[in-house]
Amino acid sequence: MNPLLSKLQPYPFERLRQLFADVTPNPDYRPISLGIGEPRHATPDFIKQALAGSLDSGLTGYPPTGGDPQLREACAAWLKRRYDVEVSPATQILPVLGSREALFALAQTVVDSSRPDAVVVCPNPFYQIYEGAAFLAGASPHYVPSDPARNFAPRWDQVPASVWERTQLVFVCSPGNPTGAVMPLPEWQMLFELSDKHGFVIASDECYSEIYFREEAPLGGLEAALKLGRTDFKNLIMLTSLSKRSNVPGMRSGFVAGDAALIKPFLLYRTYHGSAMSPAVQTASIAAWNDEAHVVENRRLYREKFALAAPMLEKVMDVRLPDAGFYLWAGVPAQWEDDTRFARELLAQYNVTVLPGSYLAREAAGSNPGRGRVRMALVAETAECVEAAERIVKFIHSNT
């Protein structure tokens, strides 16, 4: 067996199952889960029709790993509309099976484990794929603490110079999971300058970019590079997905874009890894990327439920509206010893599931930045999310 597998920690949802193994939820309440960030809005009919309509011709041959040129062109057109960024569909875009597998595969492509003490830098708290990808690529993760004073944005400026010298890959998540923080242009400039100095690759995970609450859309990595005159997107790859944008997590469809010098070896790796997208899914993806009306409606639904649920929770918890994304990153009241106890007792008393924040972070520099917080995924219909918020308010009041 690969000895690096022993470094992998249980996934947060497995830890959650273990935490709740001996908990009996209150049967007086129907279960409501805010624990998993899985979109639950309806998939738009036109996407389903495009998928179904392509089945007759879309299952009879092996698809090329590079994808259909029409799909790459649709992705490039979306980048132009969304960010005013122009890329070559042929050399700077690659369809992927959702951002999750691409994040993992990218680390296997760019990390050179033969170099001593290889490092992959990621925010803390973080999406656990970053850590697993680092370990299985033969590198060690370095966890960058989040800053509560800046809506939990990572403190890239606190990474020691000795770590940057050994860094080969940096995972940026903007908008962030679980915090919802969006990285501003000055921090992008800092990372680009460090990348130029040390030669590391920046992977910009942007799968939450289309769910936001202010008029200005979140800044993207390629967009930031272009604003700073980096037209070749050197050492930069952005990753995005239809899962949250279009409510199709089961399609496993996204794309990466950026530095052509990175896309080429990434395609080679994926060819051997067997990561080609089904032609039927490609057809449905083209339809999804070419339409923006359903994205606007999806964003409206999230804005509606956050406008109702967040103010209720703000009265009893340390929580604020995120920059973007569909999570609330909430501090538990002082009477609970920790986030795991809060989650257990909330389930037992009011049958609401939330994810302990400590499960999404690692102990670093003497502390776990997720401890004492919980992540709430407001992915269900508005009425269910509001009911969950009402129960949480009652739970906190009844235990004060």
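Structure report, in brief. (Residues numbered from 1 in each chain as written. Predicted model: local features only at pLDDT ≥ 70, side-chain atom pairs only at ≥ 80, totals over all residues. Heavy atoms only, no water.)

## Focus on the sheet that holds strand 10 (residues 327-331)
And step 1. Read from one edge of the open sheet, three strands run 10-13-12, paired in antiparallel fashion. This sheet does not close on itself; its edge strands, each paired only once, are strand 10 and strand 12 (355-356). (Pairing = 2+ DSSP bridges. Helix = DSSP H or I, 4+ residues; strand = E, 2+ residues; numbered from the N terminus.)

## What about empty space enclosed by the protein?
And step 1. Applying the stated criterion across every chain, the model contains two cavities of 30 Å³ or more.
And step 2. Lining of the largest cavity is provided by 19 residues; of these, Pro123, Pro154, Cys173, Gly176 and Thr179 occupy positions nearest its centre.
And step 3. When grouped by side-chain class, the residues that make up the lining of the largest cavity number 13 nonpolar, six polar and no charged.
And step 4. Lining the second largest cavity are Asn151, Phe152, Thr179, Asp318, Val319, Arg320, Pro322, Tyr327, Leu328, Trp329 and Arg373.
And step 5. Ranked by the residues each element gives to the lining of the second largest cavity, the list is headed by strand 10, at three residues.
And step 6. Taken together, the residues of the lining of the second largest cavity sort by class into six nonpolar, two polar and three charged. (1 Å grid on protein atoms, 1.4 Å probe; cavity = no way out; pocket = protein on both sides within 12 Å on 5 of 7 lines; lining within 4 Å. Points joined across faces, edges and corners; volume = space filled by probe spheres on them. Nonpolar A, V, L, I, M, F, W, Y, C, P; charged D, E, K, R; others polar.)

## Let's talk about unusual backbone geometry
And step 1. The omega torsion of the bond from Ser174 to Pro175 falls at 0 degrees, within 30 degrees of zero and hence cis.
And step 2. Locating Pro175 in the fold gives a position in the loop between strand 6 (167-173) and helix 8 (185-198).
And step 3. That bond from Asn177 to Pro178 is cis: its omega, 15 degrees, falls within 30 degrees of zero.
And step 4. The residue Pro178 is located in the loop between strand 6 and helix 8 in this model.
And step 5. Even without a glycine there, the phi angle at Asn351 is positive, about 55 degrees.
And step 6. With respect to the secondary-structure elements, Asn351 resides in the loop between helix 14 (339-350) and strand 11 (352-353).
And step 7. Take Asn351: its relative accessible area is 8%, and that puts it in the buried class.
And step 8. Located in the positive-phi region is Ala365, a residue other than glycine, with phi close to 55 degrees.
And step 9. You can call Ala365 exposed: its relative accessible area is 87%. (Buried < 20%, exposed > 50% of the residue type's maximum accessible area, 1.4 Å probe, protein only.)

## What to know about the environment of Val121
And step 1. Mapping Val121 onto the fold places it in strand 3 (residues 119-124).
And step 2. Sequence separation of Val121 and Glu131 is ten residues, and the distance between their C-alpha atoms is 9.0 Å.
And step 3. When sequence neighbours within four positions are dropped, the list of residues in contact with Val121 reads His142, Val144, Trp156, Val163, Trp164, Thr167, Leu169, Val170 and Phe171. (Contact = heavy atoms within 4.5 Å.)

## Some words on the packing of aromatic side chains
And step 1. Within the structure shown, the criterion is met by 21 aromatic pairs.
And step 2. In textbook terms, an aromatic cluster arises when at least three aromatic residues are bridged by ring pairs, as seen for Tyr29, Trp336, Phe342, Tyr350 and Phe395.
And step 3. Taking NZ or CZ as reference, Arg270 lies 5.3 Å from the ring centre of Phe266, over its face. (Phe/Tyr/Trp six-rings, centres within 6.5 Å; stacked < 30°, edge-to-face > 60°. Lys NZ or Arg CZ within 6 Å of the ring centre and 35° of its normal.)

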